[in-house]
Amino acid sequence: MVRVSNNLLGILNILTFLISIPIIGGGIWLSRQANTECERFLDKPVIALGVFIMLLSIAGLVGACCRVTWLLWIYLFVMFLLILLLFCFTIFAFVVTNKGAGEAISGKGYKEYRLGDYSNWLQKRVNGNWRRIRSCIQDSKVCKSLIDQGSETPVQSFYNQHLSALQSGCCKPSDDCKFSYVSPTNWTSTSTSSSTNSDCSRWSNEPNILCYNCESCKAGLIDNVKSDWKKVAIINIIFIVFLIIVYTVGCCAFRNNRADNSWKRYP
Ligand SMILES: *[C@@H]1O[C@H](CO)[C@@H](O)[C@H](O)[C@H]1NC(C)=O
């Protein structure tokens with residue numbers, strides 16, 4: 001009866017230990033693979049996360065099975081901080097991703113994205129790192145399918161296409177520029193174009209410039225990040241519930257250790 005929580009905690013920690021191995025492996029693989037700016041800023045956090053989970057699992061495993069009370073105490077303390085941190089991050093993710101969405105335009109199959117619609121915090125992060133993010137988007141060939149269409153696509157069938165947020169923001173000029181269509185990535189500005197939208201002057205038909213400097217491109221990226229964070233936040237809630245269960249089991253094991261120790265001390 002007394003041993004159940006210790007054994008359960010041991011098993012749970014073997015499980016998280018095993019999970020940490022592919023995470024570390026994935027991080028090392030990422031750092032070897034990385035030849036674009038995109039992947040390079042992901043590998044270190046992934047390796048750090050893997051090592052962190054591995055150390056925590058070892059502490060929990062040794063603490064529970066070998067009845068090392070001080071190790072179990074550290075384990076529980078770190079777990080508590082982790083639950084608190086994840087909880088705050090999840091709330092933050094929901095708040096930050098709450099604002100902003102693409103705008104449907106009548107007669108178009110795609111939506112358009114405005115930077116000002118999104119949370120100020122995300123705008124600042126994206127603006128501050130834009131050079132790096134931009135080269136990342138350029139490498140990802142997000143506009144390639146549109147460039148490849150050439151002038152074979154009639155204007156109406158282009159308007160009916162569904163475009164991803166990044167494609168809509170980065171690969172074509174904004175609708176209110178009123179440019180005239182040659183191909184999805186080739187537009188000519190007309191004399192009637194007198195839009196106040198600053199993106200109109202940022203547009204270039206050059207395949208490696210397009211609208212990569214536009215505010216709409218940043219907005220398209222934020223829209224992507226937004227939906228990713230929503231998914232992460234939902235996975236986080238499941239993870240927090242799992243951690244709270246492990247934490248509760250850990251607390252029982254901690255109590256058992258102390259009880260065992262006091263039995264040893266007063267036989
Ligand atoms: C865009 O179309 C015009 C007219 O057909 C053509 O002269 C120009 O070379 C094209 N620009 C690019 C970058 O493809």
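About the criteria used
- Residues numbered from 1 in each chain as written.
- Predicted model: local features only at pLDDT ≥ 70, side-chain atom pairs only at ≥ 80, totals over all residues.
- Heavy atoms only, no water.
- Phe/Tyr/Trp six-rings, centres within 6.5 Å; stacked < 30°, edge-to-face > 60°.
- Helix = DSSP H or I, 4+ residues; strand = E, 2+ residues; numbered from the N terminus.
- Buried < 20%, exposed > 50% of the residue type's maximum accessible area, 1.4 Å probe, protein only.
- Axes fitted to C-alpha atoms, helices over the stretch in contact; angles between N-to-C directions.
- Parallel < 35°, antiparallel > 145°, perpendicular 65-115°, else oblique.
- Left-handed = near helix turned anticlockwise from the far one by under 90°.
- Nonpolar A, V, L, I, M, F, W, Y, C, P; charged D, E, K, R; others polar.
- Patch = residues over 30% accessible without salt bridge, like charges linked within 9 Å, V, L, I, M, F, W, Y side chains within 5 Å.
- Areas by Shrake-Rupley, 256 points an atom, 1.4 Å probe, with all protein chains shown as cover.
- Salt bridge = Lys/Arg side-chain N within 4 Å of Asp/Glu carboxyl O.
- Near = heavy atom within 4 Å.
- Polar contact = N/O pair within 3.5 Å; in protein donor to acceptor, adjacent residues only side chain to side chain.
- Domains from an automatic or database assignment.
- Core = buried A, V, L, I, M, F, W, Y, C linked by side-chain atoms within 4.5 Å.
- Contact = heavy atoms within 4.5 Å.
- Disulfide = S-S within 2.5 Å.

Enquirer: Outline the packing of aromatic side chains, supporting the account with residue identities and numerical values.
Expert: Any two aromatic rings considered together are summarised by their centre-to-centre distance and by the angle between their planes. Following the criterion strictly, the structure yields 11 aromatic pairs and no others. Ring centres 6.4 Å apart and planes at 25° place the aromatic pair F239 and F242 in the stacked group. Note that F239 and F242 are positioned in helix α11 (residues 215–265) at a spacing of 3 residues, about one turn of the helix. Among the residues examined, F242 registers a relative accessible area of 29% and is labelled partly exposed. Through successive ring pairs, a cluster of aromatic residues spans Y110, F158, Y159, Y181 and W187.

Enquirer: So what about the packing of helix α1 (residues 4–33) against helix α3 (residues 43–65)? Which residues, and what values?
Expert: Running from N to C, α1 and α3 point in directions that differ by 160°, and their axes come no closer than 7 Å. The pairing of α1 with α3 is recorded here as roughly antiparallel in orientation. The handedness of the crossing between α1 and α3 is left-handed. The class makeup of the residues in the contact of α1 with α3 is 18 nonpolar, 10 polar and 1 charged.

Enquirer: Any details on a nonpolar patch on the surface? Residues and values, ideally.
Expert: A cluster of nonpolar side chains, W70, W73, I74, F77, F80, L81 and L84, forms an exposed patch at the surface whose accessible area comes to about 750 Å². Following the sequence through the fold, F77 ends up in helix α4 (residues 69–96).

Enquirer: Before we move on, can you summarise the site of the ligand with the specific residues and values?
Expert: What surrounds the ligand is the set V182, N186 and N205. In this structure, N186 approaches the ligand through a side-chain N or O atom, which is 2.3 Å from an oxygen atom. In the complex, the protein chains occlude 34% of the 360 Å² of accessible area that the ligand would expose alone.

Enquirer: So what about the domain arrangement of the protein? Which residues, and what values?
Expert: Parsing the protein into structural domains produces domain 1 (4–98 + 228–265) and domain 2 (103–221). Computed over C-alpha atoms only, the centres of domain 1 and domain 2 are separated by 41 Å.

Enquirer: Residues and numbers for the side chain of K218, please.
Expert: Tracing the backbone through its elements, the reader meets K218 in helix α11. Side chain to side chain, K218 and N127 meet in a polar contact 2.8 Å long.

Enquirer: How would you sum up the nonpolar core? Please name residues and give values.
Expert: I137, F158 and Y212 are the most contacted members of the largest nonpolar core, which totals 35 residues. For this core, the elements supplying multiple residues, two or more each, are α5 (120–128), α6 (130–139), α8 (155–160), α9 (165–170) and α11. It is α11 that provides the largest number of residues to this core, a total of 4 residues. Apart from residues lying up to four places away in sequence, Y212 is in contact with W130, R134, I137, Q138, V142, C143, C170, P207 and C217. Of all hydrophobic cores here, the second largest spans 19 residues; its members include L56, A64, I83 and L86.

Enquirer: Pulling in residues and values, what's your account of the state of the cysteines?
Expert: Within this structure, the stated rule accounts for 4 disulfides. At a sulfur-sulfur separation of 1.9 Å, the disulfide partner of C143 is C171. One disulfide, between C143 and C171, carries an S-S torsion of -85° and so falls in the left-handed class. On the criterion of sequence distance, the pair formed by C143 in the loop between α6 and α7 (144–149) and C171 in the loop between α9 and β3 (180–183) is long-range, its members being 28 residues apart. Exposure remark for C143: the relative accessible area of 1% places this residue in the buried category. A residue is classified by how much of its surface remains accessible, and C171, at 0% relative accessible area, is buried. Disulfide partner of C211: C214, at an S-S distance of 1.8 Å. On the sign convention where negative is left-handed, the bridge of C211 and C214, at about -80° about the S-S bond, is left-handed. You can call C211 buried: its relative accessible area is 0%.

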